[in-house]
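Breakdown of the fold
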Amino acid sequence: MFDRLQALAAEAQGRHILDLFAADPDRAARYSAETGDMRLDYSKTHIDDAVREELLALCDRADLAARREAMFTGAPINETEGRAVLHTALRNLDGDPVEVDGQDVMLGVLEVLQRMRVFAEEVRGGAVQGAGGSFTDVVNIGIGGSDLGPVMATLALSPYHDGPRVHYVSNVDGAHIADTLRPLDPKRTLVIVASKTFTTIETMTNARTARAWMQDGGGDPARQFAAVSTALDLTSDFGIPLEHVFGFEDWVGGRYSVWGPIGLPVMIAVGANAFDAFLRGGQAMNRHFRAADWTENMPVMLALVGIWHRQACGHPSRAVLPYDQRLLRLPAYLQQLEMESNGKSVAMDGSPLSVPSGPVVWGEPGTNGQHAFYQLIHQGTDVVPCEFMVAAEGHEPELAHHHRLLLANCLAQSEALMRGRSLDEARQRMADKGLTGDELERQARHRVFAGNRPSTTLIYSKLTPFVLGQIVALYEHRVFVEGVILGINSFDQWGVELGKELATSLGPIVDGETGTEGKDGSTAALVAYALRHRD
């Protein structure tokens, strides 16, 4: 399926991206996609018309249109678990019918959303209070998708944050919850426990610690705890009243769940109206993804660029580089979204994949990254395709000069990756500094930039709740398209299970209750070391 594409990739190594621009004055327009106030530019890649035609053919061979419709209409496309995949329904604010097993799920979705709105506004307005009065702080306890999504969104929407302070605890390392709770008032803190099954060991360990802290400090857990869970018996046993429990269905995976009750701390932070705008942005991207032709379809083209770089060109990693400090946690969020979804080694039928699966996804905001790892991106031996994103306008008009500098840096980096600097140009620079002979040659070679390195740029008007919703949904659909083309299930995550099972079995061993019989020599030695050095 990928042979022709890989052959085209081999041919592409011999041409320069700049030559593609020289041959086609309209390249930037022809190799971009737009929706609303958002533009995806993928012209700074080696993709030409022949490559794009072959990439688009992959969509037809994989029956992408039918798979897309199956997802939106509630078919059980998560085949290894026999489930529908309907995170898209959580942002279906207009309530168009979506059926699972013959039942329209939208009534339940909108009912839970309305309960969230009421609760969030009561917390924000003081109608729901702690033992010491109105809530000043909210602590969300979760892990994985129950943490990364709301953490990312809360930071991204900080200009709209006018509710209580919101904190997130995920790591079972006691340092995380201890450092988070230490400055807070246990009588005026709301704790949200986010675990669908209410059995996630890291989350429940932290939840019990938070409950003890609250009780010891004079707080009232019965009033000051809420849960995002479907395990109503376990939440009741924990002491959380039913009116403080918000559930979601098994057709919403954790890494796709920020749109629903997992987003409750975000709604408390920014208010129901701003959260609705976030949902509207996601809904708008849903509609674009379902309606736009492939070449104008932003998620499809972003996915095809990813397929080109990973499966055709063989680049093992992808850098996500938001030039927005408030998108600090977006690379980590997208890392989970991509790597947990498409980090597979077998196709849907269980046969081994014939090509690499998803890339390693990593990144940091610019301009910080420029002073950290951009050295490797520009002059390292591996090509790292980069995905830049930046707003045309910032939120602080009095600091507009900062944003102009930020935007200039973003655009300069993508240009520098493409343009590079030749040895002759580097020699001239050293000659201008007065160097001659062998020293000129030596110094010049250190200043050569290979260039011809690919990047995409996502530019948007301003990071509003609506635009954030567009961005998150864009990447969700991108991952879906890549998974369909690879023929894998993007919606299970069996790879997280084995380590969790072994951790459970190791619990009594590291507690010193049982021996290390049956464990390998390394694990046994490490346990012995830990036991010897324990206080």
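Conventions and cut-offs
Residues numbered from 1 in each chain as written. Predicted model: local features only at pLDDT ≥ 70, side-chain atom pairs only at ≥ 80, totals over all residues. Heavy atoms only, no water. Core = buried A, V, L, I, M, F, W, Y, C linked by side-chain atoms within 4.5 Å. Buried < 20%, exposed > 50% of the residue type's maximum accessible area, 1.4 Å probe, protein only. Helix = DSSP H or I, 4+ residues; strand = E, 2+ residues; numbered from the N terminus. Contact = heavy atoms within 4.5 Å. Salt bridge = Lys/Arg side-chain N within 4 Å of Asp/Glu carboxyl O. Expected span 1.5 Å × (residues − 1). Pairing = 2+ DSSP bridges. Axes fitted to C-alpha atoms, helices over the stretch in contact; angles between N-to-C directions.

1. Notes on the nonpolar core
- The biggest cluster of nonpolar side chains holds 118 residues, and the ones touching the most others in it are Trp308, Tyr460 and Leu468.
- Here the element with the most residues in this core is helix 20 (residues 465–486); it accounts for 13 residues.
- Setting aside chain neighbours within four positions, we find leucine 468 in contact with Met152, Ala153, Ala156, Leu157, Phe278, Leu327 and Leu463.
- Counting 20 residues, the second largest nonpolar core, distinct from the first, contains Val139, Leu181, Met214 and Phe238.

2. Observations concerning the pattern of salt bridges
- Here the structure, examined in full by the defined rule, presents 31 salt bridges.
- Linking glutamate 476 and arginine 91 is a salt bridge whose minimum nitrogen-to-oxygen distance equals 2.8 Å. Here glutamate 476 is found in helix 20, whereas its partner arginine 91 is found in the loop between helix 5 (64–72) and strand 3 (99–100), with 385 residues between them in sequence.
- Here glutamate 476 falls in the buried class, since its relative accessible area comes to 1%.

3. Looking at the environment of aspartate 63
- As for its placement among the helices and strands, aspartate 63 is situated in the loop between helix 4 (49–61) and helix 5.
- Separated by 422 residues in sequence, aspartate 63 and isoleucine 485 have C-alpha atoms that sit 8.5 Å apart.

4. Re helix 9 (residues 201–216)
- The end-to-end C-alpha distance of helix 9, which contains 16 residues, comes to 23 Å, matching closely the 22 Å that a straight helix rising 1.5 Å per residue would cover.
- Where helix 9 is concerned, the buried positions are Thr203, Met204, Asn206, Ala207, Ala210, Trp213 and Met214.
- Immediately beyond the C-terminal end of helix 9, within one or two residues, lies glycine 218, with a positive phi of roughly 90 degrees.

5. Examining unusual backbone geometry
- The residue after glycine 366, namely threonine 367, is reached through a cis peptide bond having omega 10 degrees.
- For threonine 367, the position within the fold is in the loop between strand 13 (360–362) and helix 16 (374–379).
- Phi at aspartate 63 takes a positive value of approximately 55 degrees, unusual for a residue other than glycine.
- Residue classification places aspartate 63 among the partly exposed positions, given a relative accessible area of 45%.
- Phi is positive for aspartate 101, close to 55 degrees, though the residue is something other than glycine.
- Here aspartate 101 is to be found in the loop between strand 3 and strand 4 (103–104).

6. Description of the pairing of strand 1 (residues 32–35)
- As paired elements, strand 1 and strand 2 (residues 38–41) share four bridges and run antiparallel to each other. Residue pairing across strands places alanine 33 opposite leucine 40, the latter belonging to strand 2.
- Counted between consecutive antiparallel strands, the loop separating strand 1 from strand 2 contains two residues, among which glycine 36 sits at a positive phi close to 60 degrees.

7. A look at the sheet that holds strand 9 (residues 189–194)
- Spatially, the five strands line up as an open sheet ordered 8-7-9-10-11, and their pairing is parallel. The open sheet has two edge strands with one neighbour each: strand 8 (165–169) and strand 11 (245–246).
- Taken together, the five bridges between strand 7 (residues 137–141) and strand 8 define a ladder with parallel strand orientation. By the bridge assignment for strand 8, isoleucine 141 is matched with valine 169.
- Against the sheet, helix 7 (residues 145–156) engages strand 7, strand 8 and strand 9, with an angle of about 150 degrees to strand 8.

The quantities given are spatial measurements derived from coordinates; they are silent on function.
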